[in-house]
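# Structural overview for review
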Amino acid sequence: MQCQQCRASRYRRYTRRPAGAARASLCLTLMALLPILRFPDPRLRTVAKPVEQVDDALRALIDDMLQTMYEEPGIGLAATQVDRHVRVIVMDVSEDKSNRKVLINPEIIAASGSQLCKEGCLSVPTVFVEVQRAESVTVRALDRDGQPYEFSASGLEAVCVQHEIDHLDGKVFVDYLTPLKREMAMKKLAKLARAES
Ligand SMILES: [Zn+2]
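Residue numbering note: each chain is counted from 1, following its sequence as written. pLDDT decides what is reported in this predicted model: residues at 70 or higher carry local features, side-chain atom pairs at 80 or more are listed and counted, and totals for whole chains, interfaces and linings draw on all residues regardless. Values shown for side chains rest on all heavy atoms present in the structure; no hydrogens or waters enter the calculation.

### Quick word on the confidence of the model for the protein
Averaged over every residue, the pLDDT of the protein is 87; the share at 70 or more is 86%. Note: pLDDT gives the predictor's confidence per residue, expressed from 0 to 100. Only heavy atoms enter the contact rule, under which two residues are in contact if any of them lie within 4.5 Å. Scored below 50 in pLDDT, residues 6–29 makes 20 contacts in the model with residues more than four places away or belonging to other chains.

### Brief notes about the coordination of the zinc ion
Only Cys 121 (SG), His 163 (NE2) and His 167 (NE2) from the protein reach the zinc ion as donors, at distances of 2.0 to 2.2 Å. Metal donors were taken as nitrogen, oxygen and sulfur atoms no farther than 2.8 Å from the ion, or 3.2 Å where the ion is Na, K or Ca. Water is excluded, so coordination may look unfinished. The sequence pattern formed by the donor residues of the zinc ion is C-x41-H-x3-H. With Cys 121 in the loop between β5 (115–120) and β6 (129–133) and His 167 in helix α4 (residues 155–168), this pair connects stretches of sequence that are 46 residues apart. Accessibility assignment for this pair places Cys 121 and His 167 in one class, buried. Working definition: helices are DSSP H or I runs of at least four residues, strands are E runs of at least two. Numbering for both runs from the N terminus. Residue exposure (1.4 Å probe, protein chains only): buried if accessible area is under 20% of the type maximum, exposed if over 50%, otherwise partly exposed.

### Some thoughts on the side chain of Ser 94
Among the secondary structure elements, Ser 94 is positioned in the loop between β3 (88–91) and β4 (101–112). Classification of Ser 94 by relative accessible area gives buried; the value is 10%. Polar contacts involving the side chain of Ser 94 include one to the side chain of Asp 96, which spans 3.4 Å. Here a polar contact is recorded for every N or O atom pair within 3.5 Å, except that within protein the pair must consist of a potential hydrogen donor and a potential acceptor, and residues adjacent in sequence are included only if both atoms are side-chain atoms. Separated by 3.0 Å, the side chain of Ser 94 and the backbone nitrogen of Lys 97 make a polar contact.

### Describing the sheet that holds β4
When DSSP locates at least two bridges between a pair of strands, those strands are taken to pair. The sheet built from five strands is open, its strands ordered β2-β3-β4-β7-β8 with antiparallel pairing. The two strands at the open ends of the sheet, each matched to only one other strand, are β2 (76–78) and β8 (148–154). When strand polarity is set aside, the average angle formed by the axes of neighbouring strands in this sheet is 40°. Both β3 and β4 contribute to a ladder of four bridges, which runs antiparallel. Residue pairing across strands places Val 88 opposite Ile 104, the latter belonging to β4. Axis definition: a line fit to C-alpha positions, over the contact stretch in the case of helices; interaxial angles, taken between N-to-C directions, run 0 to 180 degrees. On the sheet, helix α3 (residues 56–71) packs against β2, β3 and β4 and is oriented at approximately 40° with respect to β3.

Set out below in structure tokens:
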């Protein structure tokens with residue numbers, strides 16, 4: 001997920017970083033940037049399978065997803081978006097990479113209130129739309145080591161976790177739009193694709 005408010009400041013920080021520093025960190029960590037599926041790619045409609053074993057291969061995927069999310073920059077990324085259909089999410093809604101979360105087999109076990117937040121998505125670039133979500137959620141998941149944990153989130157972090165779990169269920173935030181607004185979003189994406197080709 002991308003947040004419209006924080007996108008600009010994150011982007012500025014990213015572009016200020018010396019190119020050499022970025023290359024050095026990539027070489028040291030041996031992580032890889034993963035290609036992100038773009039809406040309306042039908043693979044984004046895949047319902048992800050629960051993770052049965054948290055092993056080194058899964059941790060490598062998680063590390064690559066974190067690297068990809070920070071580089072984009074985004075505040076959340078679901079495995080579905082990188083064409084891996086397992087129930088894994090990474091997220092960090094902080095401005096300084098201090099609130100990194102890895103969620104394996106996440107479940108929302110309580111939700112309350114409602115909020116309207118303008119959301120963006122790394123799979124739907126340039127499109128920002130208001131979506132109604134729960135204001136607060138309690139989430140149960142496994143961490144990077146396969147240990148169960150729970151946390152409560154509100155505001156932007158609650159929006160992010162709901163947005164990312166939607167991806168694992170094959171849903172994209174434009175599904176919440178009216179047909180007319182979805183068509184406008186599709187036209188914007190098609191224009192972007194033409195500009196990039
Ligand atoms: Zn998204």
